[in-house]
Amino acid sequence: MYPFALFVLTTFIGVNVEPVNAAKTAREWGHLNPNLYSVNPTRYNNELSWETTICNNVNSMLAGKGWSSINSYGTSTYPAGVYGALDATLNPSSYIPYATNFWVGDYFPSMSANPTPYGYLGCYTSVTGSYVWDYEVYNHATAYGTQASKNYFTFIWTCANGGIYWFSSSGGYYVIDGITFPVIQSTKPTITPPVNTNTYYGYRVDSTHIVGMPYAWTGTTGMSLNGYNNPSGDYTYIDWGCNSPFMIDQPPAGSSSINLQYLYFVYNFYNYALGYVTGSLETINNSLDYAAKATFGKQSGGADYTFGTSVLNVGQWMNEPNFPSSVNYWFYCRMRVFGNGAKTIQ
């Protein structure tokens, strides 16, 4: 059983070597936006250290339970490496029935006119000016839509890549302040949190392009929009709608009795899900609840936090404090669980 305290491995060299005939594979990915360093080098270095630590921990926990797990966080997260790993997982000669991915780092939007509202959705990589895009993930995870994705559980901790941004399969979307459009003001909004009336997390743009990371990794637009309360299907995808907090950040003051940094939520989730606490695999939803209790403690009334009652699910107003400007762009941000949270990480 793993101790509660995270172990720290400060030096790690990722190697992109694919397992041969592995029963199940796991990968850890991610990269920070290098522009953050010039704005706040201390925060950048601290976050880099913590993201490295959590990827090392997730990698070791998965490997300890028989997974063929490769940590590619940092310099080993580059487009060709990600797409090559997806190709290898899908290749019948690899005999891989199940793959899981954890990604932590920064999101990059194309911000093009099409598809609206944010363009294609992407993530930073170690190659300057090159990003991992949703439509390319889809093409390599599904052989351009001709095969079922083997990425049955995907946990991504970045901004925006878990959003529900459209109301139709043709890309129509509602303009919702705080979700598809920022609330622009100098101080945190005090207005009632917005209700998201959009119902699509992705759609096909044309014959070779889809948009939406949940769609990209799983290859389906049919996942439950609330896999925590209404679980269904074969896939589970967890990510953030709008901004995501850093691993080194803490929940808002007063929202929990423990107030550990968000990194501990990820650690506690995998520690429980993989059976290090109870001795057997636990469902994704039960693991989310355990992680909320272990990380955030008790509510003001004395009840233990669950994922459902925690700030992760309830949401919070967030802006981007690392890139100062004359105005602040506020979004109402929450973690999304798509698909089937009643399943285990097999």
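Residues numbered from 1 in each chain as written. Predicted model: local features only at pLDDT ≥ 70, side-chain atom pairs only at ≥ 80, totals over all residues. Heavy atoms only, no water.

1. Let's talk about the overall build of the protein
The condition is simple: In this text, helices come from DSSP runs of H or I with a minimum length of four residues, and strands from runs of E with a minimum of two, each type numbered from the N-terminal end. We call a residue buried when its accessible area falls under 20% of the maximum for its residue type, exposed when it is over 50%, and partly exposed in between, using a 1.4 Å probe and counting protein chains only. Only heavy atoms enter the contact rule, under which two residues are in contact if any of them lie within 4.5 Å. For the area figures, the Shrake-Rupley method with a 1.4 Å probe applies, and any residue is considered shielded solely by the protein chains shown. Asp and Glu are treated as the negative residues and Lys and Arg as the positive ones, with His and the ends of the chain left uncounted. Taken as the charge centre is NZ of Lys, CZ of Arg, CG of Asp or CD of Glu, depending on the residue.
Secondary structure summary: the protein contains eight helices and 13 strands in total. Overall size of the protein, expressed as C-alpha extent along the three principal axes, is 55 × 50 × 45 Å. Counting across all 346 residues of the protein, residues that qualify as buried make up 57%. For the protein, contacts bridging at least 24 residues in sequence account for 73% of all contacts bridging at least 6. Carbon and sulfur atoms make up 54% of the accessible area of the protein, which totals about 13600 Å². If you average the places of the 12 positive and of the 17 negative side-chain charges in the protein, the two averages end up 8 Å apart.

2. Focus on the sheet that holds strand E6 (residues 131–133)
What counts here: Two strands form a pair only when DSSP identifies at least two bridges running between them. Simply put, an axis is a line fit to the C-alpha atoms, just over the touching stretch for a helix, and the angle between two N-to-C directions goes from 0 to 180 degrees.
As summarised here, the arrangement of the three strands in space is E4-E5-E6, forming an open sheet in which the pairing is antiparallel. Each edge of the sheet is formed by a strand with only one pairing partner; in this case those strands are strand E4 (107–109) and E6. The mean angle between the axes of side-by-side strands here comes to 35 degrees, regardless of whether they run parallel or antiparallel. As defined by bridge partners, strand E5 (residues 121–124) adjoins E6 across three bridges and the pair is classed as antiparallel. Within the sheet, the bridge partner assigned to Tyr124 lies in E6 and is Tyr131. With respect to the sheet, helix H4 (residues 134–142) is in contact with E5 and E6, its orientation differing from that of E6 by roughly 65 degrees.

3. Describing the nonpolar core
Rules: Take the buried Ala, Val, Leu, Ile, Met, Phe, Trp, Tyr and Cys residues and link them wherever side-chain atoms come within 4.5 Å; each set so joined is a nonpolar core.
With 88 residues, the main nonpolar core has Phe155, Trp157, Phe265, Phe269 and Tyr270 as its most contacted residues. Among the elements that line this core, the one with the most residues is helix H6 (residues 263–273), at eight residues. Residues within four places of Phe265 in sequence aside, it is in contact with Trp157, Leu288, Ala291, Ala292, Thr295, Phe296, Phe307, Leu312 and Met335.

4. Observations concerning the packing of aromatic side chains
Any aromatic ring pair is given by two values, namely how distant the centres are and how the planes are angled relative to each other. Rule in force here: Under the pairing criterion, centres of Phe, Tyr and Trp rings, with the six-membered ring standing for Trp, must be within 6.5 Å; the plane angle then separates stacked pairs below 30 degrees from edge-to-face pairs above 60, leaving the rest tilted. Two limits define a charge over a ring: the Lys NZ or Arg CZ must be within 6 Å of the ring centre, and within 35 degrees of the ring normal.
One pass over the structure, following the stated rule, counts 36 aromatic pairs. The interplanar angle of 85 degrees and the centroid separation of 5.5 Å between the aromatic rings of Phe155 and Phe269 together place this pair among those described as edge-to-face. Of the two residues, Phe155 is situated in strand E7 (residues 151–157) and Phe269 in helix H6; the sequence distance between them amounts to 114 residues. Through pairs of rings, three or more aromatic residues link up here, namely Phe102, Phe153, Phe155, Trp157, Trp240, Tyr262, Phe265, Phe269, Tyr270, Phe296 and Tyr305. Taking NZ or CZ as reference, Lys65 lies 4.5 Å from the ring centre of Tyr276, over its face.

5. A look at the packing of H6 against helix H7 (residues 284–296)
Where we set the bar: Orientation labels follow simple angle bins: below 35 degrees gives roughly parallel, above 145 gives roughly antiparallel, 65 to 115 gives roughly perpendicular, and whatever is left gives oblique. Here a crossing is called left-handed whenever its near helix is offset anticlockwise from the far helix by less than a right angle, and right-handed whenever the offset is clockwise. Any residue outside Ala, Val, Leu, Ile, Met, Phe, Trp, Tyr, Cys, Pro, Asp, Glu, Lys and Arg is labelled polar, Gly included; the first ten of those are nonpolar and the last four are charged.
With their axes 8 Å apart at the nearest point, H6 and H7 run at an angle of 135 degrees to one another. Classed by the angle they form, the pair H6 and H7 counts as oblique. Read as a crossing pair, H6 and H7 show a hand that is right-handed. Residues Tyr264, Phe265, Asn268, Phe269, Tyr272 and Ala273 of H6 pack against Ile284, Asn286, Ser287, Leu288, Tyr290, Ala291, Ala292, Ala294, Thr295 and Phe296 of H7. Here the contact of H6 with H7 is built from residues that sort into 12 nonpolar, four polar and no charged.

6. Some words on the confidence of the model for the protein
The predicted coordinates ought not to be read in detail in places where the model reports low pLDDT. Spelled out, the test is: A score from 0 to 100, pLDDT tells how confident the predictor is in each residue.
Chain-level statistics for the protein give a pLDDT mean of 91 and a share of 92% at 70 or above. This model gives residues 1–5 a pLDDT under 50, and the stretch forms 14 contacts once residues within four places in sequence are excluded. The low-confidence segment residues 7–21 (pLDDT under 50) makes 32 contacts with residues lying over four places distant or belonging to another chain.

7. Remarks on the environment of Tyr107
Of note, Tyr107 is situated in strand E4. For the pair Tyr107 and Thr187, spaced 80 residues apart in the sequence, the C-alpha separation amounts to 24 Å. Setting aside its immediate chain neighbours within four residues, Tyr107 contacts Tyr118, Leu121, Gly122, Cys123, Tyr124, Thr158, Cys159, Ala160 and Asn161.

8. A closer look at unusual backbone geometry
Following Thr116, the chain continues into Pro117 via a peptide bond in cis, with omega recorded as 5 degrees. For Pro117, the position within the fold is in the loop between E4 and E5. In this structure, Tyr95 takes a positive phi of about 55 degrees despite not being glycine. Tracing the backbone shows Tyr95 in the loop between helix H3 (79–90) and strand E3 (98–104). Under the relative-accessibility criterion, Tyr95 is labelled exposed at 57%. One non-glycine residue, Cys242, adopts positive backbone phi at about 70 degrees. Along the chain, Cys242 turns up in the loop between strand E11 (236–241) and H6. Here Cys242 falls in the buried class, since its relative accessible area comes to 6%.

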